[in-house]
Amino acid sequence: RIMRPDDANVAGNVHGGTILKMIEEAGAIISTRHCNSQAGEPCVAALARVERTDFLSPVCIGEVANVSAEITYTSRHSVEVQVNVMSENILTGAKKVTNKATLWYVPLSLKNVNKVLEVPPIQYVRKEQEEEGRKRYEEQKLDRLETKQRNGDVIFPVINPEPQTVGYSQSSLIHLVGPSDCTLLGFVHGGVTMKLMDEVAGIVAARHCKTNIVTASVDAINFHEKIQKGSVITISGRMTFTSNKSMEIEVFVDAEPFVDESRGRYRAVSAFFTFVSLSKEGKALPVPQLLTETEEEKRRFEEGKGRYLQTKAKRQVQLQQVAQQ
Amino acid sequence: RIMRPDDANVAGNVHGGTILKMIEEAGAIISTRHCNSQAGEPCVAALARVERTDFLSPVCIGEVANVSAEITYTSRHSVEVQVNVMSENILTGAKKVTNKATLWYVPLSLKNVNKVLEVPPIQYVRKEQEEEGRKRYEEQKLDRLETKQRNGDVIFPVINPEPQTVGYSQSSLIHLVGPSDCTLLGFVHGGVTMKLMDEVAGIVAARHCKTNIVTASVDAINFHEKIQKGSVITISGRMTFTSNKSMEIEVFVDAEPFVDESRGRYRAVSAFFTFVSLSKEGKALPVPQLLTETEEEKRRFEEGKGRYLQTKAKRQVQLQQVAQQ
Amino acid sequence: RIMRPDDANVAGNVHGGTILKMIEEAGAIISTRHCNSQAGEPCVAALARVERTDFLSPVCIGEVANVSAEITYTSRHSVEVQVNVMSENILTGAKKVTNKATLWYVPLSLKNVNKVLEVPPIQYVRKEQEEEGRKRYEEQKLDRLETKQRNGDVIFPVINPEPQTVGYSQSSLIHLVGPSDCTLLGFVHGGVTMKLMDEVAGIVAARHCKTNIVTASVDAINFHEKIQKGSVITISGRMTFTSNKSMEIEVFVDAEPFVDESRGRYRAVSAFFTFVSLSKEGKALPVPQLLTETEEEKRRFEEGKGRYLQTKAKRQVQLQQVAQQ
């Protein structure tokens, strides 16, 4: 679809969150369709995880985003979908690869939302595709267990913080979940959550560096818990690491089903976003270094540095692959 | 209401689809109100058909669109509504007639969506008004039968198409039907469908001529089948004809109720949109000619030419009528 | 959240209605949470009244609006919430107080919408806080009775009105209530109604003075009656008074549950909005005087003058308080 002014920041760059929402919608459609392709209980595919996603080039207002999705692996209870986004300037005809994302869905019964159904198997062209898929399936399963343990953290407000400290740029946003945010099952679309997370991360980044910022990448996101219609969600973000030209922001989503007293507030999602600062000509600008104060902040900075160095190496490989295609 | 940035293209011209959506909302309100004006089963009026609509002058961001609607004929099971749109620049006070549209609605029971109710008859000021209305009613009934037969067509993707060919500009868009798209009965508003159709037609037109384009007119649209909440709709468009200064684009809407296996994908709506290319000063620009390759494409081009010549004659008459008012 | 192009007028000033909607959402969340904090019947807090709200400084696209809410008084069946809005330019870091609003909510049972539940009492830090709250509670109760009596008025269209007369600028807007406009109970959010009221008042003001206008304040708004999903609402506005640099506009909201014949059209809300006209540099411009024609219009003008003089005195006090904080 055509990118509109509301999809973009003041400089005309489309928010990463808008792209993530489109990617998730495409993934939800193709996987729900697949899971209902054989006779049986009707179901809706719910997002369980998004693998790390890089934003290879910014998209502008007036451009058309072309989204294509393909099922690349099925386990007994989950579907792996590969989504590609191309942006096209319809006036010049120029096309660019914008994103390649991998998403995992789980089919939930339309009649009983707590029942996970079986996924019809897909046919593979080459035997190795199944093997590679199974490897990716096992890897993400491990990673999901790990992030579950990191989830107790809370963000406290800081009074009169110094510029460039963690407390100075940390931000949060509260949203009341409405009907348009939800699937047929009455749970929040994963894409809606990701769009809000990107918005909060963007505010944190802009507060830190006070320039025009854009999403560069999102680390793997795990959706631990469903969020029900009528909940209040609090999305909080804090900066964890800065390199010379990038900022890493950790984002938490907490849900509170506030008319149902049987359950309190719980952590539904968490993820790391990386932002860069852009000049008017679209070049990456230097970023002021994050000032860490507490031991916790120093530890998170070092962990962020680890992720940064690891991804830098991986990204080099990825960019080479894109260049070769 | 006031036209907002998201209602318009990059050049500030409000999308024809936004206007069509407003027209349909006004029609749905007045006809639902009329059909519930007598004691009896409560109902919602569903859009069955929109007659050919011309966009007489473009609307800009910040202008106010005034929509007025009137019931002009009732048959036993349908209501004809005439809707007029005036755009007003509230700063200068200048007003322009933008659209005159005729819509047909059918009242469906709120309790049983497959039951068509009876329409309370309206009073006519002059006897001839009833006669003229009946004539229009019979004509549109015939036309609806005709388009039903044309409906088997499908659009296939083309690999590496040449510029200005049909395959080069053809486009499609997928949309997951959410609660805000639907009426009280849980079916997609006709206006929502028309807005999406206009968006796809606009992408086709811009890809073909690579300039700022606006909707000039929409041929009669028949809504053959309802589209249910939770469906996926695919809107596809391809260019069928170009004159010196206009492009005709055929748009199909296919619906797929993807969690309900009892029914496959089906054609819900189809229509022809005409677009023109505008210079910065708002003058119509020449349009590159469409290159037809297959026999089918040549046949469709000739049919489009027939419609173009027929409408050109009719439009002359209409413009004279508007000028006399 | 970040202010987007669709939140603002052509000059980049965010609509007062967008701010009112955010304020109400914050109020609804905190009061619903409070009313469900003790075991008992689950409920949703419905907006009953908003006290007079001043817009102390305009907000621009790209700025972040920070909304904070606090419960300041509880009676047996109602909750008083104080909401503060600060706008922050995230690039310069500059912050401004934008609004301070007081809202009253009433908890309605989720199972039976006509049942008003009891509110858990709050603890007060100082004994006087409870006393002051009770005084505010009694005052607003009296005021609600008064406005109920003023509610019979209707706006008729005027043919060929003279510029600057009441008939010249009066405007109305019709809206079909959709699912995204409603709470869990299926009734329109108070904030949605206020946003539409601000839109109509803004059209009236712009038609009168033909310049860039912004909301300066909103008088107390009482929500007499709930508006149900599937209703049609008509929002009408007319100018009642002009001072040298401000315009007062009266806005009515009439609801019509058009598929339910048991009930006709009824007045749901009414309020007075004050707008000012701004130059490009953000200075208040002189406003052309309103020409009153009928006895009714002259009476309303005098009443408006009374409100204007009363508020002018009060506002002076308020601004001094803000300056001292």
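The structure presented is a predicted model; accordingly, all values stated were derived computationally and were not measured.

(A) View of the overall build of chain A. Each helix and strand counted, chain A has 5 helices and 11 strands in total. The C-alpha extent of chain A, read off along each of the three principal axes, is 60 × 55 × 35 Å. Split into buried and exposed, the 325 residues of chain A put 55% on the buried side. Residue pairs in contact within chain A that sit at least 24 positions apart in sequence constitute 73% of those at least 6 positions apart. When the accessible surface of chain A is split by element, carbon and sulfur atoms take 52% of a total near 14900 Å². Taking the 41 positively charged and 40 negatively charged side chains of chain A as two groups, their mean positions are separated by 3 Å.

(B) Local environment of the relation of the copies chain B and chain C. The two copies are related by a screw operation: chain B maps onto chain C through 120° of rotation and 0.0 Å of translation along the axis, at an RMSD of 0.0 Å. Such a combination of rotation and displacement between the chain copies is what one expects of a three-fold axis.

(C) The arrangement of the relation of the copies chain A and chain C in detail. It takes a turn of 120° to lay chain A on chain C, together with a shift of 0.0 Å along the axis; the resulting RMSD is 0.0 Å. Interface overlap between copies: only 18% of the residues of chain A at the interface are likewise at the interface in chain C, consistent with a contact formed by different surfaces.

(D) The arrangement of the pattern of salt bridges in detail. The final tally for this structure, using the stated rule, is 57 salt bridges over all chains. Measuring nitrogen to oxygen at the nearest pair gives 2.7 Å for the salt bridge that ties A:R76 to A:E118. With A:R76 in the loop between β3 (64-74) and β4 (79-88) and A:E118 in the loop between β5 (95-109) and α2 (127-149), the pair connects residues that are 42 residues apart, well separated along the chain. For C:R238, the salt bridge identified is with C:E250, shortest N-O distance 3.3 Å. Pair noted here: C:R238 is in strand β9 (residues 232-242) and C:E250 is in strand β10 (residues 247-256), with a separation of 12 residues, a long-range link. For the pair C:R238 and C:E250, one class covers both residues: buried.

(E) The domain arrangement of chain A, seen in detail. Residues and elements named next belong to chain A. One can read the domain layout of chain A as domain 1 (2-146) and domain 2 (166-324). Placing the centre of domain 1 and that of domain 2 at their C-alpha centroids yields a distance of 19 Å. Taken together, the contact between domain 1 and domain 2 spans 28 residues of the former and 31 residues of the latter. Summed over both partners, the interface of domain 1 with domain 2 buries about 2500 Å², with 61% contributed by carbon and sulfur atoms. Across the pair R52 and D219 runs a salt bridge, and its minimum N-O distance is 2.9 Å. The interface formed by domain 1 and domain 2 includes 10 residue pairs in polar contact (both at pLDDT 80 or more).

(F) Expanded view of the UniProt feature "active site" (unreviewed entry) in chain A. Residue and element names in this part refer to chain A. The sites that carry the UniProt feature "active site" (unreviewed entry) are, in the present numbering, N9 and D198. For the residues just named, distributed over 190 residues, the greatest C-alpha separation is only 12.1 Å, placing them together at one site. Following the sequence through the fold, N9 ends up in the segment before α1 (16-35). Contact partners of N9, with chain neighbours within four places excluded, come to H15, N212, I213 and V214. Mapped onto the elements of the fold, D198 is located in helix α4 (residues 190-209).

(G) Expanded view of the interface of chain B and chain C. Every contact between the two is made by 29 residues of chain B and, on the other side, 22 residues of chain C. Both sides together, the interface formed by chain B and chain C hides about 2200 Å², and carbon and sulfur atoms give 62% of it. In this structure, the connection of chain B to chain C is made through 2 salt bridges. Close ionic contact of B:R33 with C:E256 constitutes a salt bridge, the shortest N to O distance being 2.9 Å. Linking chain B with chain C are 3 residue pairs in polar contact (both at pLDDT 80 or more). Elements supplying a minimum of two residues to the side of chain B that touches chain C: α1 (16-35), β1 (43-50) and β3 (64-74) of chain B. Per element, the largest residue contribution to the side of chain B that touches chain C is 5 residues, and it comes from α1(B). For the side of chain B that touches chain C, a count of residues per class yields 14 nonpolar, 9 polar and 6 charged.

The rules behind the values
Residues numbered from 1 in each chain as written. Chains lettered and ligands numbered in written order. Predicted model: local features only at pLDDT ≥ 70, side-chain atom pairs only at ≥ 80, totals over all residues. Heavy atoms only, no water. Helix = DSSP H or I, 4+ residues; strand = E, 2+ residues; numbered from the N terminus. Buried < 20%, exposed > 50% of the residue type's maximum accessible area, 1.4 Å probe, protein only. Contact = heavy atoms within 4.5 Å. Areas by Shrake-Rupley, 256 points an atom, 1.4 Å probe, with all protein chains shown as cover. Lys, Arg positive; Asp, Glu negative; His and termini not counted. Charge placed at Lys NZ, Arg CZ, Asp CG, Glu CD. Least-squares fit on C-alpha atoms with pLDDT ≥ 70 in both. Salt bridge = Lys/Arg side-chain N within 4 Å of Asp/Glu carboxyl O. Domains from an automatic or database assignment. Buried area = accessible area lost by both parts, 1.4 Å probe. Polar contact = N/O pair within 3.5 Å; in protein donor to acceptor, adjacent residues only side chain to side chain. UniProt positions renumbered as here; feature names shortened; annotations may be inferred. Nonpolar A, V, L, I, M, F, W, Y, C, P; charged D, E, K, R; others polar.

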